[in-house]
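# Close look at the chain arrangement
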Amino acid sequence: MSVSRVAVVSGGGRGIGAAVAKRLAADGHAVGVLDVDEECSCETVEHIRGSGGVAIALAADVADETSVAAAYNRLIAEVGAPTVVVNNAGVTRDALLHKMAPADWDDVIRIHLRGAFLMTKAAREHMVAVKWGRVVNMSSASALGNNGQANYSAAKAGLQGFTKTLAIELGRFGVTVNAVAPGFIATRMTEATAHRLGLSFEDFKAKAAEQIPVRRVGVPEDIAHTVSFLVSEGAGFVSGQVIYVAGGPRG
Ligand SMILES: NC(=O)c1ccc[n+]([C@@H]2O[C@H](COP(=O)([O-])OP(=O)(O)OC[C@H]3O[C@@H](n4cnc5c(N)ncnc54)[C@H](O)[C@@H]3O)[C@@H](O)[C@H]2O)c1
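First things first, this report covers the structure right here in the doc.

## Regarding the site of the ligand
- The local shell around the ligand holds 29 residues, among which I16, D35, N88, Y152 and T187 are the closest.
- At 2.8 Å, a backbone N or O of I16 approaches an oxygen atom of the ligand.
- The side chain of K156 places a nitrogen or oxygen atom 2.9 Å from an oxygen atom of the ligand.
- When the free accessible area of the ligand is taken as 820 Å², the share hidden by the protein chains comes to 95%.
- Sorting the residues of the shell around the ligand by element identifies α1 (15-26), α4 (102-130), α5 (150-170) and α6 (188-196) as the ones contributing at least two each.
- Looking at the shell around the ligand element by element, the count peaks at 3 residues for α6.
- Class assignment for the residues of the shell around the ligand results in 13 nonpolar, 10 polar and 6 charged.

The following block contains the structure:
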């Protein structure tokens with residue numbers, strides 16, 4: 001397989017990020033699979049290599065500047081400078097406002113917003129140097145509001161503002177910046193929500209599907225397909241957009 005560009009996918013160890021990393025590798029990118037959970041990243045990397053692709057596992061916390069810098073240094077030394085950044089790492093700390101601890105607020109804002117900021121800032125010089133780049137930020141349909149997710153909704157709406165501003169700042173360098181806002185996608189994150197609500201994951205998915213116009217929940221590959229489009233050569237005139245991938249107009 002010939003490798004064209006170097007991509008870095010945060011939270012690439014499992015769920016949506018793993019599907020994105022695999023898809024970008026299949027599209028011909030060398031992929032830095034960055035995750036705070038090193039074991040998960042290694043699984044994604046093994047899968048990519050087993051399919052003939054190029055990938056390395058990068059253990060890092062996206063919200064820690066030193067950790068991000070070390071991961072980028074390794075990626076650049078071993079594979080090359082990244083010109084595709086997918087800011088996908090995320091966590092939930094759901095609670096109604098009166099029960100939400102400041103630490104729940106801080107963790108979610110820090111990982112989603114500070115994480116995307118640090119990851120994108122570290123890649124900027126490499127994209128500007130070659131006058132080409134693609135940034136995709138993982139927002140959420142929860143940006144429109146969702147019970148028990150004041151922290152997460154604020155972070156995901158914040159990522160949309162981050163996306164639009166960087167699209168304006170970086171456009172002159174051939175860099176596009178877009179956001180994908182998934183609706184319900186079956187992953188460990190939604191499985192944990194089911195358990196928090198006292199439902200089996202199967203029942204939770206079935207109930208969710210009833211409310212979704214296409215009558216199914218999403219799978220990580222639905223999101224990977226959209227990211228693949230946004231980072232493609234042909235998508236160079238699409239920038240500053242938020243694409244809801246939710247089986248209908250909202251999640
Ligand atoms: N699953 C959904 O329905 C859904 C819907 C909308 C948006 N999203 C977003 O999509 C992204 C991926 O979600 P998912 O469902 O695959 O979740 P997931 O929990 O399965 O995977 C998240 C990954 O991010 C990693 N991660 C967490 N904190 C990190 C940190 N500080 N540094 C580096 N890596 C870190 C985790 O280790 C994990 O591998 C998240 O940003 C999430 O908010 C998910």
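That covers the picture; the talk isn't over yet.
## Some thoughts on the pattern of salt bridges
- As enumerated under the stated definition, the model contains 9 salt bridges in all.
- Residue R74 pairs with E78 through a salt bridge whose shortest N-O separation is 3.0 Å. Of this pair, R74 and E78 both sit in helix α3 (residues 65-78), 4 residues apart, roughly one helical turn.
- Since its relative accessible area comes to 36%, R74 is described here as partly exposed.
- One salt bridge connects E202 with K205, and the closest N-O pair in it is separated by 3.1 Å. Separated by 3 residues within a single helix, E202 and K205 lie in helix α7 (residues 201-210), roughly one turn from each other.
- For K205, a relative accessible area of 18% translates into the label buried.
- Look at the salt bridges and you will find they share partners, linking D61, R93, D107 and R110 into a network.

Thresholds applied
- Residues numbered from 1 in each chain as written.
- Predicted model: local features only at pLDDT ≥ 70, side-chain atom pairs only at ≥ 80, totals over all residues.
- Heavy atoms only, no water.
- Near = heavy atom within 4 Å.
- Polar contact = N/O pair within 3.5 Å; in protein donor to acceptor, adjacent residues only side chain to side chain.
- Areas by Shrake-Rupley, 256 points an atom, 1.4 Å probe, with all protein chains shown as cover.
- Helix = DSSP H or I, 4+ residues; strand = E, 2+ residues; numbered from the N terminus.
- Nonpolar A, V, L, I, M, F, W, Y, C, P; charged D, E, K, R; others polar.
- Salt bridge = Lys/Arg side-chain N within 4 Å of Asp/Glu carboxyl O.
- Buried < 20%, exposed > 50% of the residue type's maximum accessible area, 1.4 Å probe, protein only.

Geometric descriptors of this kind do not, in isolation, establish any biological role.
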